[in-house]
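Fold and geometry: a report
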Amino acid sequence: MIKIIVGTNRPNSISKLIASRYQEILREKGAESEILELERLPADFIKTALYENNGRNEEYNAFHSRVKEGKKFVFIVPEYNGSFPGILKSFIDGMTYPNTFRNKKCALVGISSGIGGGGIALSHLTDIFHYLGMHVLALKPKLAKIEQNMSDNLLTNRLYLDLLHTQADMLLEF
Ligand SMILES: Cc1cc2nc3c(=O)[nH]c(=O)nc-3n(C[C@H](O)[C@H](O)[C@H](O)COP(=O)(O)O)c2cc1C
């Protein structure tokens, strides 16, 4: 089961829409996946699940277990202030260190309103995942000017869709 992680907890995010589209693409290829939304994390997890409180927040632990059981991941990463959202790093800091992602595999998708497509954010995240021993697929689609390439909450840009299909094929082989 591939885990698709929505890299923001912003309500009604575009990232969630892209995650749903990615799930459809994987299903078309015969692969089942589960979407995990950081929005579902307990609102107080930064105070009740990190550092000396690691493992003490049952709701966080339940979410953590669903991530931990994964072997392959897709991270949908919106560009916030030139990098990835702080909530994603806080979530990673709450994971059991160092083994949650060791020897596992992931694919990264960047999105932005501007021209960057989350490129720098994906580089920052790649460094972190490599440090944690996770293998990151080389192909990282950067979906820039995302609002102009969506219509009725659907991704309409043919090239972007082709990139997601190609990445999904590679992830299944990875
Ligand atoms: C806090 C915040 C910071 C943002 N910073 C940037 C940015 O630095 N560059 C950019 O192109 N878009 C920026 N955006 C726009 C998001 O990248 C854009 O809305 C995104 O593609 C979809 O994010 P969503 O999943 O939260 O909807 C920012 C949005 C928010 C909420």
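The structure under discussion appears in the preceding block.
Heads up: these notes are all about the structure in this document. Because the structure is predicted, anything quoted here is derived from the model rather than measured. (Residues numbered from 1 in each chain as written. Predicted model: local features only at pLDDT ≥ 70, side-chain atom pairs only at ≥ 80, totals over all residues. Heavy atoms only, no water.)

**Quick word on the overall build of the chain**
Looking only at helices and strands, the chain features six helices and eight strands. Each helix (α) and strand (β) of the chain, taken in turn from the N terminus, gives the series β-α-β-α-α-β-α-β-α-β-β-β-β-α. A compact globule built from 174 residues would reach a C-alpha radius of gyration of about 16 Å, and the chain, at 15 Å, matches this within 12%. With respect to the three principal axes, the spread of C-alpha positions in the chain is 45 × 30 × 25 Å. Counting the 174 residues in the chain, one finds 53% classified as buried. Of the contacts formed within the chain by residues at least 6 apart in sequence, a portion of 77% connects residues at least 24 apart. Surface accessibility of the chain: about 8500 Å² in total, with carbon and sulfur atoms responsible for 51%. Each charge class in the chain was averaged separately, 21 positive and 19 negative side chains, and the resulting centres sit 4 Å apart. (Helix = DSSP H or I, 4+ residues; strand = E, 2+ residues; numbered from the N terminus. Rg over C-alpha atoms; globule rule 2.2 N^0.38 Å. Buried < 20%, exposed > 50% of the residue type's maximum accessible area, 1.4 Å probe, protein only. Contact = heavy atoms within 4.5 Å. Areas by Shrake-Rupley, 256 points an atom, 1.4 Å probe, with all protein chains shown as cover. Lys, Arg positive; Asp, Glu negative; His and termini not counted. Charge placed at Lys NZ, Arg CZ, Asp CG, Glu CD.)

**Let's talk about the packing of helix H1 (residues 14–28) against helix H6 (residues 158–173)**
Where H1 contacts H6, the two axes come as close as 10 Å, and the packing angle between them is 55°. Between H1 and H6, the angle is such that the two are oblique. In this structure, H1 meets H6 at a crossing whose hand is right-handed. Where H1 abuts H6, its residues Arg21, Tyr22, Ile25, Leu26 and Glu28 lie against Leu161, Leu164, His165, Gln167, Ala168 and Leu172. (Axes fitted to C-alpha atoms, helices over the stretch in contact; angles between N-to-C directions. Parallel < 35°, antiparallel > 145°, perpendicular 65-115°, else oblique. Left-handed = near helix turned anticlockwise from the far one by under 90°.)

**Remarks on the pairing of strand E3 (residues 72–78)**
Walk down a regular strand and you will see the side chains alternate between the two sheet faces. Counting buried positions along E3 gives seven out of seven residues, so the element sits mostly inside the fold. Here E3 shows a buried face lined by Lys72, Val74, Ile76 and Pro78 and a second buried face lined by Phe73, Phe75 and Val77. The pairing of strand E1 (residues 2–6) with E3 spans four bridges and is parallel. Of the residues in E3, the one forming a bridge with valine 6 is isoleucine 76. The β-α-β motif built from E3, the intervening helix H4 (residues 86–94) and the parallel element strand E4 (residues 105–111) has right-handed crossover chirality. (Pairing = 2+ DSSP bridges. Right-handed = clockwise from strand over helix to strand, strands pointing away.)

**Side note on the packing of aromatic side chains**
With the rule as written, the count across this model stands at eight aromatic pairs. With 6.1 Å between their ring centres and 35° between their planes, phenylalanine 73 and phenylalanine 75 make a pair best called tilted. For the pair shown, phenylalanine 73 and phenylalanine 75 are each scored as buried. Measuring from ring centre to ring centre gives 6.2 Å for phenylalanine 75 and phenylalanine 101, while their planes differ by 70°; the resulting arrangement is edge-to-face. Of this pair, phenylalanine 75 sits in strand E3 while phenylalanine 101 is found in the loop between H4 and E4, placing the two residues 26 residues apart along the sequence. (Phe/Tyr/Trp six-rings, centres within 6.5 Å; stacked < 30°, edge-to-face > 60°.)

**Observations regarding H1**
An ideal rise of 1.5 Å per residue puts 21 Å on 15 residues; H1 measures up with 21 Å between its terminal C-alpha atoms. Burial in H1 covers these residues: Ile14, Ser15, Ile18, Ala19, Arg21, Tyr22, Gln23, Ile25 and Leu26. One or two steps after H1, the chain reaches glycine 30, where phi turns positive at roughly 80°. (Expected span 1.5 Å × (residues − 1).)

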